[in-house]
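Listed below, chain by chain, are the residues.
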Amino acid sequence: MRKLWKLAAVTGVAVAFGTMTSIGSAFATPPAGYGFDNTSHVIVGGGSDTTYRAQIGLSDLWAESGLSGCPHVTANGTSTNACAANVNPETSNQGNYQGDTIAQANPVGSSTGIGSLNGSSGAASTYQGTVNPVPAGTCVTATPGVANVDFARSSRAPKTSGGKAPCGNELTADTFWGYAQDGVEVNVFTAARGAQVQGAPSPALTPDDLFHIWNCSGGTGTGGRVRWSDVVPSISPGSATDADIVPWQMNTGSGTFGTFQTYIQTNATGVPSGWSPNAQSCDRALASGQPPLENDIKPLVNDPAALATGTSADNPGNWIWWGSFGVFSAFPYTSNYTRSGTPTQAVAAPVNGILPSTSRIIANTYPIGRTLYNVTRKFDADCAKTAGACDFPGNPGPTVGATTDLNVTGGTSGTSGAVREYTRWLCRVSTAQHGLDPFTGTSFFSEITTAINNAGFTVVPSALRSSGSRCQVLS
Amino acid sequence: MVRTRCLAGLVVLLSVIGGARASASTIMEPAHAPVVVSVATSGPPAAVTVVASGFSSGALVYVEQCDGVAPTTPQWSPTADCDLGSSPAPVIADGRGIATFAASDKNHAFRPFVGESPQSIFNCLAPGRPAPANGLASSTKCSLRVSTNNAAATGDQAFLAVAFTTAKAAPSASDSTTTTTAGRASTRSKPSATAKGAAASAARAKAAARKAKTSAPSDAVAVLSAPHTAQHVGAFSLSDANLATGYVLVLGGLLMVALTIALLRRDAGRTRAR
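Residues numbered from 1 in each chain as written. Chains lettered and ligands numbered in written order. Predicted model: local features only at pLDDT ≥ 70, side-chain atom pairs only at ≥ 80, totals over all residues.

Trainee: Sorry, what's going on with the pairing of strand 4 (residues 60-66) of chain B here?
Mentor: Here is the key point about a regular strand: its side chains alternate between the two faces of the sheet. All names here are of chain B. For strand 4, the tally of buried residues reaches seven of seven residues, placing the bulk of the element in the interior. The side-chain alternation of strand 4 yields two buried faces, one formed by Leu-60, Tyr-62, Glu-64 and Cys-66 and the other by Val-61, Val-63 and Gln-65. Two strands pair when backbone bridges link them, and strand 4 and strand 5 (residues 82-83) are joined in this way by two bridges, in the antiparallel orientation. Bridging across to strand 5, Gln-65 finds its partner in Asp-83. (Buried ≥ 20, exposed ≤ 12 C-beta atoms within 10 Å, placed from the backbone. Helix = DSSP H or I, 4+ residues; strand = E, 2+ residues; numbered from the N terminus. Pairing = 2+ DSSP bridges.)

In structure tokens, the structure reads:
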């Protein structure tokens, strides 16, 4: 008799459990208010070289956050790695809930990445190494059957005319999510030259000085070129360390190029419309005729048949360039290189008497400061708005414990939803909105800051952030 | 004869090792404990001159403020335990490998912060001061870090403990004693996951943090204690294990030289006797 009772009890529990499980399977839905659809997708970012390393670090963290997301189907079959039957309602882990795959395509420059995002070069244009076509949308050209990036890395601000979107205004097509801050440094190539230019009295180097150097004009050198003695008073004209300054070009697709060009165009006097720091006779390209990619001095140093000394154009002591302060600082192999026993080192020159530093970059007081962006198509990820302006506090997102989540609008499924959730995660404002790294137990809010710092950048200055977010959102 | 050559080789090797140990980078200034930096009634602490040696000539050297956690602690990282937002422009080390961050230099002056760090990574507080309600870890034993890279741990990084105190409570001898090995003595008090999760809304927390930040340094002074670091120290700071090891090795080398000479003399004496 006792055995029968036990059998009945066990059977009852089993039936009850089975019923609950089947109900869970039948009615389980992805977390409400998010872009998840309980299936795993692949999204690929591309564009900026400057932000490549930072975004790789951030993508790493986003991928890790999937470990605390939904339980996954682990058996081989047609739905392997999809979210398995789950509790109802499902609750977001404030991270990569459904275990999307994220990758960063090889860098080709910010503008090229934004162009790929928007299909700006036409339906047949593609960005190799990506997987998804551009869908149709406002100010976006669809690329059916041809792959392009799902989000763009950009180290320059959006262009509202003449930009890399079919309609010209990138903010009609896209939203720019500024998540980090950097400065563009103007640099010379030896410590000795660095000491000379850093010793020049303020406000060296002025925007006019920079314009003249890259415009090959306004100086006392060959054909009006600028010589070191023109901008550094401690160097006597014709002395051993005086020579024509050799300005280098840069890949025009890069945000670093665009930021510097815009700074000169905006701040120097007498700059012709459409002026480029690559377009004058003294602006040096590589021997191949191509401008070098940004943020790495090695291709420049290895370019001449042999490095020289004195007034030679092949003496790195006479060179000047520009690049990312963050990248050059965090990764010395990009900025400190010895060829055949000759050491070269990118050393920042002052701009308007101010040297780049992270304390000035976070305070937004360096003259060529810049925000670094994650760029999304508007229909994938956009800010919640009031009267057409981003307004996160006025439009709270889903409830998260005792607070509310950042409200990012956009895709509700597929790769569009995946882009939306990566963007939301990147811009959440506090630990209260974030989950914990399953490996370290540290809040992803802190780890995002660390990943940004690891790449040499700072977080966005508070004065530039959109209220309720850690990002500067331009829409 | 073979024995003599072996001994001589060992002496040279140990001397090189000992010498290398002794030439590690060192913060030379501030050099005397305590260095007191007055804090204006309304504003951040005044800039401090920092001088460090032991770098390669021409190297770019950085200084930043850290939470005081020892770099030997597991998971320590300069980007998690320091705030590069506190770092002025890097200095070019001179021909002797010395980097000078002069307080009077607008580009290179180092300005310590009190309260929330520039990127909201941690708080540096004077003892007895309430921690801002920002959910961040707080430390009363912060430090300066001088190195050739703010974004990665380096072999040349050197630390200097910083203690903040109020103007009314003059720093005592015990203050500097307790911070002599600040890097190791500091406690990491990061909030628990539960506490973080239960934190108030971000907007409220930020507002509270700002409020606390503006009120905290009103009558505080920063005390920079004598050179002491977790990894690199002054040339005569025998409390540092690495440096002490270097001196022991050098002394060992000298003893071996003496022993070698004694053996050679003995051998010579025997030869003469024969």
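Trainee: What am I meant to see in the nonpolar core here?
Mentor: One broad trend across soluble globular proteins is that nonpolar side chains are buried collectively. Core analysis: the biggest nonpolar cluster contains 127 residues, and Leu-426 of chain A together with Val-50 and Val-61 of chain B have the highest contact counts within it. Leave out the neighbours within four places in its chain, and Val-50 of chain B touches Ile-27, Glu-29, Val-63, Phe-101, Phe-110, Leu-144 and Val-146 of chain B. (Core = buried A, V, L, I, M, F, W, Y, C linked by C-beta atoms within 7 Å. Contact = placed C-beta atoms within 7 Å.)

Trainee: Can you walk me through unusual backbone geometry in this structure?
Mentor: Trans is the prevailing form of peptide bonds, just as negative phi is the prevailing case for residues other than glycine. For the peptide bond that leads from Asn-88 of chain A to Pro-89 of chain A, omega is 0°, which places it in the cis range. Looking at the secondary structure, you find Pro-89 of chain A in the loop between helix 2 (52-65) and strand 2 (101-104). The amide bond that connects Glu-29 of chain B to the next residue, Pro-30 of chain B, takes the cis arrangement and shows omega of 5°. A positive phi is found at Cys-139 of chain A, a non-glycine position, where the angle reads about 60°. At Ala-387 of chain A, a residue that is not glycine, the phi angle is positive and equals roughly 50°. Residue classification places Ala-387 of chain A among the exposed positions, given that 6 C-beta atoms sit within 10 Å.

Trainee: Where do I start with the sheet that holds strand 3 (residues 50-53) of chain B in this structure?
Mentor: The pairing of strands in a sheet happens through backbone hydrogen bonds and is either parallel or antiparallel. All names here are of chain B. Strand order in this open sheet of three strands is 1-3-7, and the pairing throughout is antiparallel. Because the sheet does not close on itself, it has two edges, and the strands there are strand 1 (26-29) and strand 7 (99-101). On average, each strand axis in the sheet is inclined to that of its neighbour by 25°, with strand direction left out of account. (Axes fitted to C-alpha atoms, helices over the stretch in contact; angles between N-to-C directions.)

Trainee: What's the story with the sheet that holds strand 10 (residues 137-139) of chain B in this structure? I'm lost.
Mentor: Residues and elements named next belong to chain B. Read from one edge to the other, the open sheet built from three strands follows the order 8-9-10, with strand pairing classed as mixed. Because the sheet does not close on itself, it has two edges, and the strands there are strand 8 (115-116) and strand 10. The sheet contact formed by strand 9 (residues 122-124) and strand 10 spans three bridges and is parallel. In the sheet register, Cys-124 faces strand 10, and the bridge partner there is Ser-139.

Trainee: What is the right way to read the interface of chain A and chain B from this model?
Mentor: Contact with chain A, which involves 35 residues of that partner, is made by 29 residues of chain B. Contributions of two or more residues to the side of chain A that touches chain B are made by helix 5 (191-198), helix 10 (325-330), helix 11 (358-363) and helix 13 (444-454) of chain A. Of the residues forming the side of chain A that touches chain B, the biggest block, four residues, is contributed by helix 13 of chain A. Within the side of chain A that touches chain B, the residues separate by chemical class into 15 nonpolar, 20 polar and no charged. (Nonpolar A, V, L, I, M, F, W, Y, C, P; charged D, E, K, R; others polar.)

Trainee: Even after reading the chapter, I still don't get the packing of helix 6 (residues 207-215) of chain A against helix 8 (residues 255-267) of chain A, so can you show me in this structure?
Mentor: Helix-helix packing is described using two parameters, namely the angle between the two axes and the distance between the axes. Residue and element names in this part refer to chain A. The contact between helix 6 and helix 8 brings their axes to 9 Å, and the two run at 115°. Two packed elements cross with a definite hand, and for helix 6 against helix 8 that hand is left-handed. Here helix 6 contributes Pro-207, Leu-210 and Phe-211 to the contact with helix 8, which in turn contributes Tyr-263, Ile-264 and Asn-267. Each residue belonging to the contact of helix 6 with helix 8 can be placed in one class, and the counts come to five nonpolar, one polar and no charged. (Left-handed = near helix turned anticlockwise from the far one by under 90°.)

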